[in-house]
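Understanding the architecture of this molecule
Each chain, written out:
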Amino acid sequence: MTYLNPIAIFWMFILTAFILHKLRKKKTSKIVFIITITGLFLSTVTPLPVWLIRNLEQHYPVYKPSGNERLPVLVLGNYHADDTSLYPSQKLSAQSLQRVTEGVRVYKLQSSCPITFSGFAVNDKMSTGKVGSEAAVSLGVSPKDTIILPAPRNTYEEALAYKKRFGTKNKFILVTSATHMPRAMAVFQKLGMKPIAAPTGFLIKEGTKESVYNWWPSSMKLFYTEAAMYEYSAQLYYKWFK
């Protein structure tokens, strides 16, 4: 998400305003500076970042099984660290771990089922799919139920790999982060598959003392802004070019 980092964008605009000021284009410099401050205010003070994230997360509810149907599960990858001093669950990024634990929850709800983990290998070492499967086994999943897709590097490649291996005829449970779920569902459905959403890793949660829609300055809102910018831009990319 670095290319959409709000902090980096902020400093780029500040630098641009400074250069314009030095070039004696003071009016343009002032406009750029005002735009910069306005953007910082919107992304760190207003409820806008919360609304943007919540709009993504509320597309699909938490998964609850209906009937006794046993469906295969696909857990999409995120990232992991190749740190040999850590156990598999500790190597996973926060998002990856949330996805794996949700996959395990769904697996146990169904009293076992095939569960697939996807994700590529960084630096030609162990793939995120492999690390995810090992973490799941440590949480109680039977090794014989795990399947690994170690090659996909993004959501579109994950969908293609799953389609190639399992086809499009049968339904399956798709596990990924709640903010990522609308894009993931759109990609899989566009390729003719029948995913059932099982979102996890919700960023916006009710039940706190304060309203989630507040006007308090917060670094967390900056994080929400970055996550929202990434997802909405990725949705447009997949819609136009995939």
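Residues numbered from 1 in each chain as written. Predicted model: local features only at pLDDT ≥ 70, side-chain atom pairs only at ≥ 80, totals over all residues. Heavy atoms only, no water.

**Brief notes about the overall build of the chain**
Threshold: Per the convention used, a helix needs a DSSP run of H or I reaching at least four residues, while a strand needs a run of E reaching at least two, with both numbered from the N terminus. Using a 1.4 Å probe on the protein chains alone, a residue whose accessible area is under 20% of its type maximum counts as buried, one over 50% counts as exposed, and one in between counts as partly exposed. Note on contacts: a residue pair qualifies if any of its non-hydrogen atoms lie within 4.5 Å across the two residues. In these tables, accessible area is a Shrake-Rupley quantity obtained with a 1.4 Å probe, and a residue counts as shielded only by the protein chains included in the view. When charges are counted, Lys and Arg contribute as positive and Asp and Glu as negative, whereas His and the chain ends are disregarded. Charged side chains are reduced to one point each, which is NZ for Lys, CZ for Arg, CG for Asp and CD for Glu.
Within the chain one finds nine helices and five strands. Helices and strands in the chain line up, N terminus first, as α-α-α-β-α-α-β-α-β-α-β-α-β-α. When the backbone C-alpha atoms are referred to their principal axes, the chain occupies close to 70 × 45 × 40 Å. Counting every position in the chain, which comprises 242 residues, the buried fraction comes to 42%. Taking the contacts inside the chain whose residues are at least 6 apart along the sequence as the reference set, 71% of them involve residues at least 24 apart. Carbon and sulfur atoms make up 61% of the accessible area of the chain, which amounts to about 13,800 Å² in all. Seen as two clouds, the 30 positive and the 14 negative side-chain charges of the chain have centres 8 Å apart.

**A word on the sheet that holds strand β3 (residues 146-149)**
Selection rule: Any two strands are treated as partners once DSSP identifies two or more bridges connecting them. Each axis is a line fitted through C-alpha atoms, and for a helix only the stretch in contact is used; angles between axes span 0 to 180 degrees, taken between their N-to-C directions.
Taken in spatial order, the five strands make up an open sheet running β3-β2-β1-β4-β5, and their pairing is parallel. Edge strands, defined here as strands with exactly one partner in the open sheet, are β3 and β5 (194-200). Between one strand axis and the next, the sheet turns through 25 degrees on average, direction left out of account. Looking at chain direction, strand β1 (residues 73-75) and strand β2 (residues 115-118) are connected through three bridges and run parallel. Of the residues in β2, the one forming a bridge with leucine 74 is threonine 116. Helix-sheet contacts for helix α7 (residues 155-166) involve β1, β2, β3 and β4 (171-177), and the interaxial angle to β3 is about 125 degrees.

**Points about the packing of aromatic side chains**
Selection rule: Centres within 6.5 Å are what make two rings of Phe, Tyr or Trp a pair, Trp counting through its six-membered ring; a difference in plane orientation under 30 degrees is then read as stacked, over 60 as edge-to-face, and the rest as tilted. Whether a charge sits over a ring depends on NZ of Lys or CZ of Arg being within 6 Å of the ring centre and within 35 degrees of the ring normal.
Applying the stated criterion to the full structure yields 10 aromatic pairs. Centroid distance tyrosine 237 to tyrosine 238: 5.7 Å. Interplanar angle 90 degrees. Geometry classified as edge-to-face. Accessibility expressed as a relative area gives 12% for tyrosine 238, which makes it buried. Site record: aromatic cluster; members linked through ring pairs are Tyr156, Tyr237, Tyr238, Trp240 and Phe241. The residue whose ring lies beneath arginine 153 is phenylalanine 120, and the NZ or CZ to ring-centre distance is 4.1 Å.

**A word on the packing of α7 against helix α8 (residues 181-190)**
Two quantities define a packed helix pair, namely the angle between the helix axes and the distance between the axes. The following threshold applies: Here is the rule for angles: anything less than 35 degrees is roughly parallel, anything more than 145 is roughly antiparallel, 65 through 115 is roughly perpendicular, and the remaining ranges are oblique. By the definition used in this description, the sense in which the near helix is turned from the far one sets the handedness, with an anticlockwise turn below a right angle giving left-handed and a clockwise turn giving right-handed.
Across the interface, α7 lies against α8 with an axial gap of 9 Å and an inter-helix angle of 40 degrees. Judged on the interaxial angle alone, α8 and α7 are oblique. Crossing of α7 over α8 shows right-handed handedness. Residues Thr155, Tyr156, Glu158, Ala159 and Tyr162 of α7 pack against Arg183, Ala184, Val187 and Phe188 of α8.

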